[in-house]
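Spelled out from the first residue to the last, the chains are:
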Amino acid sequence: MSSPTSEIELSIGGMTCASCAARIERKLNKLEGVQASVNYATEKARVSFPESLTAEDLVKVVENTGYSAELPAPPQTGENAEKTEEDPTRSLRQRLITSIVLTVPVIALAMIPALQFTYWQWLSLTLAAPVVVWAAWPFHKAAWTNLRHGAATMDTLISIGVGAAFLWSLYALFLGTAGVPGMTHGFSLTVERMSGAGNIYLEVAAGVTTFILAGRYFEARSKRRAGAALRALLELGAKEVAVLRDGREQRISIDDLSVGDRFVVRPGEKIATDGVIEEGSSAIDASMLTGESVPVEVTTGDAVVGATVNAGGRLVVRATRIGADTQLAQMAKLVEDAQSGKAEIQRLADRVSAVFVPIVIALAVGTLAFWLGAGSGASAAFTAAVAVLIIACPCALGLATPTALLVGTGRGAQLGILIKGPEVLESTRRVDTVVLDKTGTVTSGQMSLVEVHSADDVTEEEVLRLAGALEHASEHPIARAIATGATERVGELPAVEGFQNLEGLGVQGVVGEHAVLVGRARLLEEWSVRLSEKLTTAKKEAEDKGRTAVLVAWDGEARGVLVVADTVKPTSAEAITGLRALGLRPVLLTGDNEAVAKAVAAEVGIDEVIAEVLPKDKVDVVKRLQSEGRVVAMVGDGVNDAAALAQANLGLAMGTGTDVAIEASDLTLVRGDLRAAVDAIRLSRRTLGTIKGNLFWAFAYNVAALPLAALGLLNPMIAGAAMAFSSVFVVSNSLRLRGFRSANKHTV
């Protein structure tokens, strides 16, 4: 029998790349009985551990690995959260701005001979020193941490390259001939052995630091969004509630509400917390939480969920669950679980660096030893060894990801696609299944009048005119859909007298000379009005498709059936075709009933349908598909989709949806048009391909020049030209993304 385990979540500090997360994970998992998952994006570690260990033991292991760890503080909402939350990008931003200001003149002086006045090299040193020492400090610190644990990452390569360029420049300035007045950089492109004592590389040291800092800053900005979905979820709930105390209403903060308290919910207000209705009846709009497009009729004794909206009459509700026990809070937990459980893609540059860095260092040491042994003199030997380190310095590598991401995301923004970070792109290449939420994604998410059936003795226009006039006086969402549809089709509606809202049944009133009833079958039964065979068939056909049938009668006879439904967006079928063309298998996932889901799926061309699922079930469906070996993209727009969006390998949120869904996703589709999902995946794959091409060429230039450097034949200007050319190539390759075109002929 296995020993009982506990589970905690640790906040990890000091990670600079995905390999840091992997190292912490390996160290924790070496402990007996421990299962740990470390997420670089959210900077959290979820650890299950046996009773023989404590949380302090786990923190100590992380600290011994070279990082910080602590139990996360409870989430705060409102003003306190804004005050206490520190901007983690501030330090990076300060370093980046300082670097740019100081580096631009250094590069200009090195590259433009006309600017090289008598003592220009000493001005370059003055400007470059703060960049190399202070701005690049995070890289040096991370390289030292990696060195202590026998690892090499991108930080190691940056630190060594920048350090080598700067230290050699100091040697050349103070002990060589580079410090003499009037020194200029020559432009000889010959391949020859030289001492290098008259060459400085300050522009390389400062430039690399600035480029890489820019990439890290944009990455940090995207990472900061990781916790925003939880804050947005907490913001959804009501802030105040009208509690009944001694028969009088009293407004209190939601934090002061207790289980058993009775509170009032007026039309249009959010329900403060989960509870049971004690007085009144109404229609509840729960689409944000459940995905159910039709408002749910509720009355005395029915359970209601916090954060849903009261669309009808006044309700008195008794609170049954508060705080962390509510459905909203449980959904926030689902989102958090999904985010911290999502495996982070390890960056390609780090994987290559892990092999490339040790090889470069070994080559530099070997070069130094060889030339010293060959009797070429210390100066020439050191020149060759340092040239190896400098040419390996990842100048173009620093541009490879940020420039492609900048151009790709910029073009995406023009097309209404917001990409949140470089790690998102890797998922798009491997995705093979796309799960689509129905309400608000495939469909419009709003009730519309779709069909009008009239009795033989009246016209459709007359049915619409009388029913629309009566429904125009009601606030019910279905009534609004009918009134809007009637106005569009027949124009101005007549006045209503004696209007009455019959809770849960419908409405009645006098329009002109007619006593009109509009509502459910039960309302007509109470007035002993029977449906004709034609109207009965129309009602049954509508309900078989999962649509809402509203009956219309006047002067004692049934006159028509109005069919209301959440309509499919006109572009959805085209989008499904586009997704299939990308090799993706579409699946329709919804909280709505099966009849509605199957009707929508048939209309747009989806074969696989999963209906009547709760928010938790949506996460389970995504997990099940992933356990079958599928790589899942999820497209959604509601609060009920947030956890599934976070769990999926790739989350795409409709920009017309809720903030929670948008924050939990990887890609946001601003237009609310499902065809944008096709463009988003195409653009992401293209951007990823460009980044990989950039990384290949960035390394290729370095690797090609390494033998020349090792042989002591690398003229500094060849090194500078190769590095500049590789950077120009990377930037121009990235700029090709500006030519990306939408697959939709009606889009820019």
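For clarity, every value in this text was computed on a predicted model and none was experimentally measured.

What about the overall build of the protein?
Move 1: Of the regular secondary structure elements, the protein holds 27 helices and 26 strands.
Move 2: Within the protein, the fraction of its 748 residues that count as buried is 53%.
Move 3: Across the protein, every contact between residues at least 6 apart in sequence was considered, and the portion connecting residues at least 24 apart equals 71%.
Move 4: When the accessible surface of the protein is summed, it comes to about 32,500 Å², and 56% of that surface belongs to carbon and sulfur atoms.

A few points about helix α18 (residues 477-490)
Move 1: The end-to-end C-alpha separation of α18 is 20 Å, in line with the 20 Å expected for 14 residues at 1.5 Å each.
Move 2: Those residues of α18 lying buried are Pro477, Ile478, Ala479, Ala481, Ile482, Ala483, Gly485 and Ala486.
Move 3: Lining the buried residues of α18 we find β16 (443-454), α17 (460-471), β20 (548-554) and β21 (557-568).
Move 4: Looking one or two residues beyond α18, the residue adopting positive phi is Gly491, at roughly 85°.

A few points about the sheet that holds β20
Move 1: The strand order across the open sheet built from 6 strands is β16-β21-β20-β19-β18-β17, with neighbouring strands paired in antiparallel fashion. Taken across any chain shown, the strands that pair with only one partner, and hence form the sheet edges, are β16 and β17 (496-502). When the angles between neighbouring strand axes are averaged without regard to direction, this sheet yields 20°.
Move 2: With 7 bridges joining them, β20 and β21 adopt antiparallel strand pairing. Residue pairing across strands places Leu551 opposite Val561, the latter belonging to β21.

Remarks on the UniProt feature "transmembrane region" (unreviewed entry) in the protein
Move 1: UniProt marks residues 96-113, 119-137, 157-180, 200-218, 352-374, 380-407, 694-711 and 717-735 with the feature "transmembrane region" (unreviewed entry), using the numbering shown here.
Move 2: Across residues 96-113, the secondary structure splits into 89% helix and 0% strand, with the terminal C-alpha atoms separated by 27 Å.
Move 3: Structurally, residues 694-711 comprises 94% helix and 0% strand, and the distance from its first C-alpha atom to its last is 27 Å.

Points about the nonpolar core
Move 1: In terms of nonpolar packing, the biggest core is built from 47 residues, with Leu436 and Leu652 touching the most fellow members.
Move 2: In terms of residue count, the dominant contributor to this core is helix α26 (residues 675-710) (9 residues).
Move 3: When residues are assigned to domains, this core turns out to be shared by domain 2 (89-228 + 337-404 + 691-737) and domain 4 (417-443 + 569-687), each giving three or more.
Move 4: Look past the residues within four positions of Leu652 in its chain and what remains in contact with it is Ala633, Met634, Val635, Gly636, Leu645, Ser665, Leu667, Leu669, Ala677 and Ala680.

Overview of the sheet that holds strand β6 (residues 248-253)
Move 1: On the basis of which strands lie adjacent, the open sheet formed by 6 strands has the order β6-β5-β7-β13-β8-β11 and antiparallel pairing. Looking at strand neighbours, the two that pair on one side only are β6 and β11 (303-304), the edges of this open sheet.
Move 2: Bridge count between strand β8 (residues 274-279) and strand β13 (residues 315-321): 5 bridges; the pairing is antiparallel. When the bridges of β13 are listed, Val276 appears paired with Arg318.

Topic: helix α22 (residues 594-604)
Move 1: Within the sequence span of α22, burial applies to Val596, Ala597, Val600, Ala601 and Val604. What you see down the axis of α22 is that its buried residues fit within an arc of 130°, all on one side.
Move 2: In the core, the buried residues of α22 are packed alongside α16 (438-442), β16, β21, α21 (572-581), β22 (585-589) and β23 (608-610).
Move 3: Looking one or two residues past α22, Gly605 carries a phi angle of roughly 95°, positive in sign.

Focus: the pairing of strand β5 (residues 240-245)
Move 1: As paired strands, β5 and β6 are joined by 6 bridges and run antiparallel to one another. Following the sheet pairing, Val243 is matched in β6 by Gln250.
Move 2: Connecting the antiparallel pair β5 and β6 is a turn made up of 2 residues, with Asp246 showing a positive phi of about 55°.
Move 3: Where β5 lies against strand β7 (residues 262-265), 2 bridges are found, and the strand directions are antiparallel. Bridging from a neighbouring strand, Ala242 pairs with Val264 of β7.

Observations regarding the confidence of the model for the protein
Move 1: Averaged over every residue, the pLDDT of the protein is 80; residues scoring 70 or more account for 82%.
Move 2: At the level of individual helices and strands, the protein shows its lowest average pLDDT in helix α3 (residues 78-84), which scores 43, and its highest in β22, which scores 94.
Move 3: Low pLDDT (under 50) marks residues 75-85, which in the prediction has 8 contacts with non-local residues, meaning those over four places away or in another chain.
Move 4: Below pLDDT 50 for its whole length, residues 187-192 participates in 16 contacts with residues either more than four positions away or in separate chains.

Digging into a nonpolar patch on the surface
Move 1: Together, Met111, Ile112 and Leu115 make up an exposed nonpolar region whose accessible area comes to about 260 Å².
Move 2: One can find Leu115 in the loop between α4 (90-111) and α5 (120-135).
Move 3: Residue class for Leu115 comes out partly exposed when judged on its relative accessible area of 40%.

Quick word on the packing of aromatic side chains
Move 1: Here the structure, examined in full by the defined rule, presents 3 aromatic pairs.
Move 2: Ring plane angle 70° and centroid distance 5.3 Å describe the contact between Trp122 and Phe174, whose orientation is recorded as edge-to-face. Taken together, the positions of Trp122 in helix α5 and Phe174 in helix α7 (residues 154-174) put the pair 52 residues apart, joining distant regions of the chain.
Move 3: Residue classification places Trp122 among the partly exposed residues on the basis of a relative accessible area of 26%.
Move 4: For the pair Phe370 and Trp371, a centre-to-centre distance of 5.0 Å together with 80° between the ring planes defines the contact as edge-to-face.
Move 5: Residue classification places Trp371 among the buried positions, given a relative accessible area of 9%.
Move 6: Positioned above the aromatic ring of Trp134 is the side chain of Arg95, whose terminal nitrogen or guanidinium carbon lies 4.9 Å from the ring centre.

How each quantity is defined
The numbers attached to residues start from 1 for each chain and follow its sequence in the written order. Totals for whole chains, interfaces and linings use every residue, but because this is a predicted model, local features are given only for residues with pLDDT of at least 70 and side-chain atom pairs only at 80 or more, for both listing and counting. Hydrogens and water are ignored here; the side-chain numbers use all heavy atoms of the structure. Segments assigned H or I by DSSP are reported as helices when at least four residues long, segments assigned E as strands when at least two residues long, and all are numbered from the N terminus. Accessibility here uses a 1.4 Å probe with only protein chains present; expressed as a share of the type maximum, an area under 20% marks a residue as buried, one over 50% as exposed, and anything in between as partly exposed. Any two residues whose heavy atoms approach within 4.5 Å at even a single point are treated as in contact. Per-residue and other accessible areas were derived by the Shrake-Rupley procedure at a 1.4 Å probe size, with only the shown protein chains allowed to occlude residues. Multiplying 1.5 Å by the helix residue count minus one yields the expected span of that helix. One bridge is not enough; two strands pair if DSSP finds at least two bridges between them. Throughout, an axis means a line fitted to C-alpha atoms (over the contacting stretch in the case of helices), and angles, computed between N-to-C directions, take values from 0 to 180 degrees. UniProt positions are given in the numbering used here, feature names are shortened, and annotations may be inferred rather than shown by experiment. For this analysis, a nonpolar core means a set of buried residues of the types Ala, Val, Leu, Ile, Met, Phe, Trp, Tyr and Cys, connected via side-chain atoms within 4.5 Å. Each domain's extent was defined by an automatic or database domain assignment. Directions pointing from the helix axis toward each C-beta atom define the arc. In predicted models, pLDDT denotes the confidence assigned by the predictor to each residue on a 0 to 100 scale. Residues with no salt bridge and a relative accessible area higher than 30% make up the patches, which join like charges within 9 Å and nonpolar side chains (Val, Leu, Ile, Met, Phe, Trp, Tyr) within 5 Å. We define a salt bridge as a contact between a side-chain nitrogen of Lys or Arg and a carboxyl oxygen of Asp or Glu at a distance within 4 Å. Two aromatic rings, drawn from Phe, Tyr or Trp (for Trp, its six-membered ring), form a pair once their centres lie within 6.5 Å of each other, and the interplanar angle then sorts them: stacked below 30 degrees, edge-to-face above 60, tilted otherwise. We count a charge as sitting over a ring when the NZ of a lysine or the CZ of an arginine lies within 6 Å of the ring centre and within 35 degrees of the ring normal.

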